[in-house]
Amino acid sequence: MAGQYCTQRGFSLLEILVVLVLIAVTTSLVVVNFRHDAKHQVEREARRFAALVEQLCQESIIRGRVQALIQDNNSGYRFVELSDDGWQKISGDDLLRPRQLPDDMRLSIIVPKARSGDGIVYLVCRLDGMLPRFTARLIQDSIRYRVATTELQQLEIIDETAD
(Lines give C-alpha, C1' and ligand atoms only; values in the text may rest on other atoms or scores of the structure.)
Protein backbone atom coordinates (compact mmCIF):
# COMPACT_ATOMS: atom_id res chain seq x y z
CA MET A 1 0.00 0.00 0.00
CA ALA A 2 2.85 2.34 0.59
CA GLY A 3 3.70 2.46 -3.12
CA GLN A 4 0.21 3.25 -4.41
CA TYR A 5 -0.07 6.94 -3.51
CA CYS A 6 2.53 9.56 -4.25
CA THR A 7 2.05 12.76 -2.26
CA GLN A 8 3.52 15.97 -3.63
CA ARG A 9 5.01 18.57 -1.33
CA GLY A 10 5.78 22.20 -2.26
CA PHE A 11 5.23 24.01 -5.55
CA SER A 12 6.49 23.12 -8.99
CA LEU A 13 8.85 25.44 -10.83
CA LEU A 14 6.09 26.29 -13.31
CA GLU A 15 3.70 27.41 -10.55
CA ILE A 16 6.36 29.66 -9.03
CA LEU A 17 7.15 31.22 -12.42
CA VAL A 18 3.44 31.93 -13.09
CA VAL A 19 3.12 33.69 -9.73
CA LEU A 20 6.28 35.75 -10.38
CA VAL A 21 4.99 36.82 -13.81
CA LEU A 22 1.65 37.88 -12.29
CA ILE A 23 3.45 39.92 -9.62
CA ALA A 24 5.66 41.60 -12.25
CA VAL A 25 2.71 42.50 -14.48
CA THR A 26 0.73 43.90 -11.55
CA THR A 27 3.71 45.94 -10.34
CA SER A 28 4.35 47.40 -13.78
CA LEU A 29 0.71 48.44 -14.11
CA VAL A 30 0.84 50.20 -10.75
CA VAL A 31 4.05 52.04 -11.70
CA VAL A 32 2.64 53.13 -15.07
CA ASN A 33 -0.59 54.33 -13.46
CA PHE A 34 1.32 56.21 -10.76
CA ARG A 35 3.46 57.97 -13.35
CA HIS A 36 0.35 58.84 -15.37
CA ASP A 37 -1.33 60.23 -12.25
CA ALA A 38 1.74 62.35 -11.40
CA LYS A 39 1.92 63.67 -14.96
CA HIS A 40 -1.79 64.44 -14.89
CA GLN A 41 -1.34 66.30 -11.59
CA VAL A 42 1.47 68.51 -12.97
CA GLU A 43 -0.48 69.19 -16.17
CA ARG A 44 -3.56 70.13 -14.13
CA GLU A 45 -1.50 72.55 -12.01
CA ALA A 46 0.03 74.10 -15.16
CA ARG A 47 -3.42 74.62 -16.67
CA ARG A 48 -4.70 76.09 -13.39
CA PHE A 49 -1.70 78.44 -13.24
CA ALA A 50 -2.30 79.64 -16.81
CA ALA A 51 -6.04 80.14 -16.20
CA LEU A 52 -5.37 82.13 -13.04
CA VAL A 53 -2.83 84.35 -14.81
CA GLU A 54 -5.40 85.08 -17.53
CA GLN A 55 -8.06 85.76 -14.87
CA LEU A 56 -5.65 88.08 -13.05
CA CYS A 57 -5.16 90.15 -16.21
CA GLN A 58 -8.92 90.36 -16.79
CA GLU A 59 -9.41 91.47 -13.19
CA SER A 60 -6.69 94.07 -13.66
CA ILE A 61 -8.65 95.60 -16.54
CA ILE A 62 -12.00 95.43 -14.70
CA ARG A 63 -10.67 96.88 -11.43
CA GLY A 64 -8.44 99.42 -13.13
CA ARG A 65 -5.52 98.41 -10.91
CA VAL A 66 -2.10 96.98 -11.62
CA GLN A 67 -2.07 93.43 -10.29
CA ALA A 68 0.62 90.79 -10.09
CA LEU A 69 1.36 87.19 -9.25
CA ILE A 70 4.33 86.51 -6.99
CA GLN A 71 5.99 83.25 -6.11
CA ASP A 72 6.03 82.01 -2.51
CA ASN A 73 9.33 80.14 -2.20
CA ASN A 74 9.16 77.23 -4.66
CA SER A 75 5.94 75.79 -3.33
CA GLY A 76 3.19 78.24 -4.24
CA TYR A 77 2.12 81.66 -5.44
CA ARG A 78 -0.14 84.53 -4.43
CA PHE A 79 -1.77 87.57 -5.96
CA VAL A 80 -1.16 91.21 -5.10
CA GLU A 81 -2.23 94.62 -6.38
CA LEU A 82 -0.43 97.93 -6.43
CA SER A 83 -1.83 100.61 -4.16
CA ASP A 84 -0.54 103.90 -2.79
CA ASP A 85 1.10 101.89 0.02
CA GLY A 86 2.85 99.49 -2.39
CA TRP A 87 1.96 95.90 -3.17
CA GLN A 88 -0.95 94.57 -1.10
CA LYS A 89 -2.60 91.15 -0.95
CA ILE A 90 -5.76 90.88 -3.05
CA SER A 91 -8.56 90.24 -0.59
CA GLY A 92 -12.20 89.33 -1.00
CA ASP A 93 -11.62 87.28 -4.14
CA ASP A 94 -11.75 83.52 -3.62
CA LEU A 95 -10.45 82.84 -7.12
CA LEU A 96 -7.29 84.91 -6.59
CA ARG A 97 -6.48 83.44 -3.18
CA PRO A 98 -2.95 82.20 -2.39
CA ARG A 99 -2.21 78.81 -3.97
CA GLN A 100 -0.08 76.05 -2.48
CA LEU A 101 1.39 73.35 -4.73
CA PRO A 102 1.49 69.68 -3.70
CA ASP A 103 4.44 68.87 -1.42
CA ASP A 104 6.68 67.32 -4.06
CA MET A 105 5.97 69.87 -6.83
CA ARG A 106 8.14 72.95 -7.47
CA LEU A 107 7.46 76.20 -9.28
CA SER A 108 9.99 78.47 -10.96
CA ILE A 109 8.96 81.79 -12.53
CA ILE A 110 11.32 83.77 -14.74
CA VAL A 111 10.40 87.26 -15.93
CA PRO A 112 13.19 88.75 -18.06
CA LYS A 113 13.80 92.45 -17.47
CA ALA A 114 11.79 92.36 -14.23
CA ARG A 115 12.98 94.81 -11.63
CA SER A 116 12.47 94.18 -7.97
CA GLY A 117 14.27 95.70 -5.03
CA ASP A 118 13.06 93.08 -2.57
CA GLY A 119 14.23 89.98 -4.48
CA ILE A 120 10.68 88.92 -5.35
CA VAL A 121 9.76 88.34 -8.98
CA TYR A 122 6.49 90.06 -9.91
CA LEU A 123 4.52 88.75 -12.87
CA VAL A 124 2.64 92.00 -13.49
CA CYS A 125 -0.59 92.46 -15.45
CA ARG A 126 -0.78 96.04 -16.61
CA LEU A 127 -3.98 98.09 -16.79
CA ASP A 128 -4.34 97.20 -20.47
CA GLY A 129 -4.27 93.50 -19.54
CA MET A 130 -0.90 92.87 -21.17
CA LEU A 131 1.62 90.51 -19.62
CA PRO A 132 5.38 90.73 -19.78
CA ARG A 133 7.27 87.87 -21.39
CA PHE A 134 7.66 85.15 -18.78
CA THR A 135 8.29 81.46 -18.30
CA ALA A 136 6.95 79.40 -15.42
CA ARG A 137 7.96 75.78 -14.89
CA LEU A 138 6.13 73.26 -12.75
CA ILE A 139 8.30 70.28 -11.88
CA GLN A 140 7.57 67.06 -10.05
CA ASP A 141 10.28 64.40 -10.15
CA SER A 142 11.13 64.10 -13.87
CA ILE A 143 7.82 65.58 -15.06
CA ARG A 144 8.08 69.17 -16.32
CA TYR A 145 5.49 71.56 -17.74
CA ARG A 146 6.17 75.08 -18.97
CA VAL A 147 3.69 77.96 -19.09
CA ALA A 148 4.91 80.93 -21.13
CA THR A 149 3.75 83.90 -23.15
CA THR A 150 4.01 83.77 -26.92
CA GLU A 151 4.93 86.62 -29.27
CA LEU A 152 1.20 87.34 -29.60
CA GLN A 153 0.72 87.68 -25.82
CA GLN A 154 -1.06 84.36 -25.51
CA LEU A 155 -0.26 81.72 -22.93
CA GLU A 156 1.02 78.34 -24.03
CA ILE A 157 1.39 75.19 -21.97
CA ILE A 158 4.13 72.81 -23.07
CA ASP A 159 4.97 69.34 -21.77
CA GLU A 160 8.76 69.32 -21.40
CA THR A 161 8.88 65.84 -19.88
CA ALA A 162 11.58 63.70 -21.46
CA ASP A 163 9.98 60.49 -22.64
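In this report, the structure presented in the accompanying data block is examined. (Residues numbered from 1 in each chain as written. Predicted model: local features only at pLDDT ≥ 70, side-chain atom pairs only at ≥ 80, totals over all residues. Heavy atoms only, no water.)

### Describing the environment of Leu101
Within the secondary structure, Leu101 is located in the loop between β4 (99–100) and β5 (106–110). Residues within four places of Leu101 in sequence aside, it is in contact with Glu45, Asn74, Ser75, Gly76, Tyr77, Arg106, Leu107 and Leu138. (Helix = DSSP H or I, 4+ residues; strand = E, 2+ residues; numbered from the N terminus. Contact = heavy atoms within 4.5 Å.)

### Quick look at the state of the cysteines
Applying the stated criterion to the full structure yields 1 disulfide. Here Cys57 is linked by a disulfide to Cys125, with a sulfur-sulfur distance of 2.0 Å. On the sign convention where negative means left-handed, the S-S torsion of about -65 degrees between Cys57 and Cys125 marks this disulfide as left-handed. Pair noted here: Cys57 is in helix α1 (residues 13–63) and Cys125 is in strand β6 (residues 122–125), with a separation of 68 residues, a long-range link. (Disulfide = S-S within 2.5 Å.)

### Topic: unusual backbone geometry
With phi around 55 degrees, Asp141 is a residue other than glycine that occupies positive phi space. Tracing the backbone shows Asp141 in the loop between β7 (135–140) and β8 (143–149). Asp141 gets classed as exposed once you look at its relative accessible area, which sits at 58%. A positive phi angle is found at Gln153, which is not glycine, with a value near 65 degrees. Mapping Gln153 onto the fold places it in the loop between β8 and β9 (155–159). Gln153 sits in the partly exposed class, given a relative accessible area of 27%. (Buried < 20%, exposed > 50% of the residue type's maximum accessible area, 1.4 Å probe, protein only.)

### Some words on a nonpolar patch on the surface
Taken together, the side chains of Phe11, Leu13, Ile16, Leu17, Val19, Leu20 and Ile23 define a hydrophobic patch exposed on the protein surface, amounting to about 730 Å² of accessible area. Tracing the sequence through the fold places Leu17 in helix α1. By relative accessible area, which is 44% here, Leu17 ends up partly exposed. (Patch = residues over 30% accessible without salt bridge, like charges linked within 9 Å, V, L, I, M, F, W, Y side chains within 5 Å. Areas by Shrake-Rupley, 256 points an atom, 1.4 Å probe, with all protein chains shown as cover. Salt bridge = Lys/Arg side-chain N within 4 Å of Asp/Glu carboxyl O.)

### As for the nonpolar core
Counting residues in hydrophobic clusters, the biggest one holds 29 residues, and the most contacted among them are Phe49, Leu69 and Phe134. Contributions of two or more residues to this core are made by α1, β2 (76–83), β5, β6, β7 and β8. Per element, the largest residue contribution to this core is 9 residues, and it comes from α1. In this structure, Phe49 is in contact with Leu69, Tyr77, Leu107, Ile109, Leu123, Phe134, Ala136 and Val147, ignoring residues within four places of it in sequence. (Core = buried A, V, L, I, M, F, W, Y, C linked by side-chain atoms within 4.5 Å.)

### Some points on the sheet that holds β8
Strand order in the open sheet formed by 4 strands is β5-β7-β8-β9, with antiparallel pairing between adjacent strands. If you trace the sheet from one side to the other, it starts and ends with β5 and β9, each paired once. Between one strand axis and the next, the sheet turns by 15 degrees as a mean value, whatever way the strands run. (Pairing = 2+ DSSP bridges. Axes fitted to C-alpha atoms, helices over the stretch in contact; angles between N-to-C directions.)

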